[in-house]
Amino acid sequence: MAEKVERRLAAIVSADVAGYTRLMRADGEGALNRFRAHRSELIEPKIAEYRGRIVKLMGDGLLVEFASVVDAVRCAAEIQRAMAERNAGVPADTQIVLRIGINLGDVIVEGEGIHGDGVNVAARMQEIAKPGEISVSGVVYDSVRDKLAPDFEDLGPQQVKNISEPVRAYRVVLDPEA
């Protein structure tokens, strides 16, 4: 008999550093140290504050799981706002700027890791996010739109890699005055 696969619903945050390859070519050690400082001083404490769990650290990014989609969006928004503050006054070509994607979906649990379409869609939302921004799937928007202060901009259906159906996407408006 096949082993039963553990599944659960999770809010998944996928984040990476925009232009990381360029940053590494210009100053690999400096870029790595700046990203590590942002991670240890801001990103990891914020994730802990919102009860998230870092599933995976990649060189220039991370995959995080939250039990609450509201917490996931709040955490991401606070991280992006704080990153903008931390980058104020830093030369543009040395800034560490994140792109964040969020999805709410079913995941397959394997040890400490998670897999499946829920994770894949979060990664695709991150890929369509512009530097300094957060993109969320339609299911995230539907789940949080009446519970959170940020505004959302409808990006419409997005055809994304390795997902057969278009995914409705929204941009979190971090600064409504902008």
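Right above here is the structure, for reference.
Residues numbered from 1 in each chain as written. Predicted model: local features only at pLDDT ≥ 70, side-chain atom pairs only at ≥ 80, totals over all residues. Heavy atoms only, no water.

Visitor: Requested: an account of helix α2 (residues 69-87), with residues and values cited.
Guide: Helix length check: α2, at 19 residues, gives a terminal C-alpha distance of 27 Å against a target of 27 Å (1.5 Å per residue), a fit within 8%. N-capping of α2 is provided by S68, with a side-chain oxygen placed 3.2 Å from the backbone N of V70. Taken from the residues just after α2, G89 is the one with a positive phi, measuring 85°. (Helix = DSSP H or I, 4+ residues; strand = E, 2+ residues; numbered from the N terminus. Expected span 1.5 Å × (residues − 1). Polar contact = N/O pair within 3.5 Å; in protein donor to acceptor, adjacent residues only side chain to side chain.)

Visitor: Talk me through unusual backbone geometry; I want residue IDs and the actual numbers.
Guide: The backbone of R51 sits at a positive phi, close to 60°, despite the residue not being glycine. Following the sequence through the fold, R51 ends up in the loop between α1 (20-49) and β2 (53-58). Taking relative accessible area as the criterion, R51 reaches 60% and is therefore assigned exposed. (Buried < 20%, exposed > 50% of the residue type's maximum accessible area, 1.4 Å probe, protein only.)

Visitor: Describe the side chain of R39, listing the residues and the values that go with them.
Guide: Looking at where R39 falls in the secondary structure, it is placed in helix α1. Filtering out sequence-adjacent residues up to four positions away, R39 remains in contact with E44, P45 and L57. (Contact = heavy atoms within 4.5 Å.)

Visitor: Could you give me a rundown of the packing of aromatic side chains, with the residues and numbers involved?
Guide: Per the stated rule, a full pass over the model turns up three aromatic pairs. Judged by centre distance (5.3 Å) and plane angle (80°), the rings of Y141 and F152 are edge-to-face. A residue pair is termed long-range when its members are at least 10 positions apart, and Y141 in helix α4 (residues 138-144) and F152 in strand β7 (residues 151-158) qualify at 11 residues. We note that Y141, like F152, is buried. When the centroid spacing of 3.9 Å and the interplanar angle of 10° are considered together, the rings of Y141 and Y170 count as stacked. Linking Y141 in helix α4 with Y170 in strand β8 (residues 167-173), this pair joins segments that are 29 residues apart in sequence. Neither residue differs from the other here; Y141 and Y170 are each classed as buried. Following the ring pairs from residue to residue traces out a cluster consisting of Y141, F152 and Y170. (Phe/Tyr/Trp six-rings, centres within 6.5 Å; stacked < 30°, edge-to-face > 60°.)

Visitor: I'd like a description of the nonpolar core, backed by residues and values.
Guide: Grouped together as the largest cluster of nonpolar side chains are 40 residues, with contacts concentrated most on F66, I100, I102, I134 and V136. Of all the secondary structure elements, the ones that give two or more residues to this core are β1 (6-17), α1, β3 (61-66), α2, β4 (98-110), β6 (134-137), α4 and β8. In terms of residues, this core owes the most to one element, α2, which gives 10 residues. One finds A10, V107, V109 and A122 within the second-largest nonpolar core, a separate group that totals nine residues. (Core = buried A, V, L, I, M, F, W, Y, C linked by side-chain atoms within 4.5 Å.)

Visitor: Requested: an account of the pairing of β1, with residues and values cited.
Guide: Of the pairings in the sheet, the one linking β1 to β4 comprises 12 bridges and is antiparallel in character. Looking across to β4, one finds that A11 is bridged to L104. The pairing of β1 with β3 spans six bridges and is antiparallel. Across the sheet, residue I12 finds its bridge partner in β3, namely E65. (Pairing = 2+ DSSP bridges.)

Visitor: Just give me the short version of α1, but keep the residues and values in it.
Guide: Taking 1.5 Å per residue, 30 residues should reach 44 Å; α1 reaches only 27 Å between its end C-alpha atoms and comes up short. Of all the bends in α1, the largest measures some 125° and sits at D27. Listed in full, the buried residues belonging to α1 are Y20, L23, G30, A31, F35, H38, R39, L42, I43, K46 and I47. Packed against the buried residues of α1 are β1, β2, β3, α2 and β4. Of the residues trailing α1, R51 is marked for its positive phi of about 60°. (Bend = angle between axes of the 7 residues up to and from the residue.)

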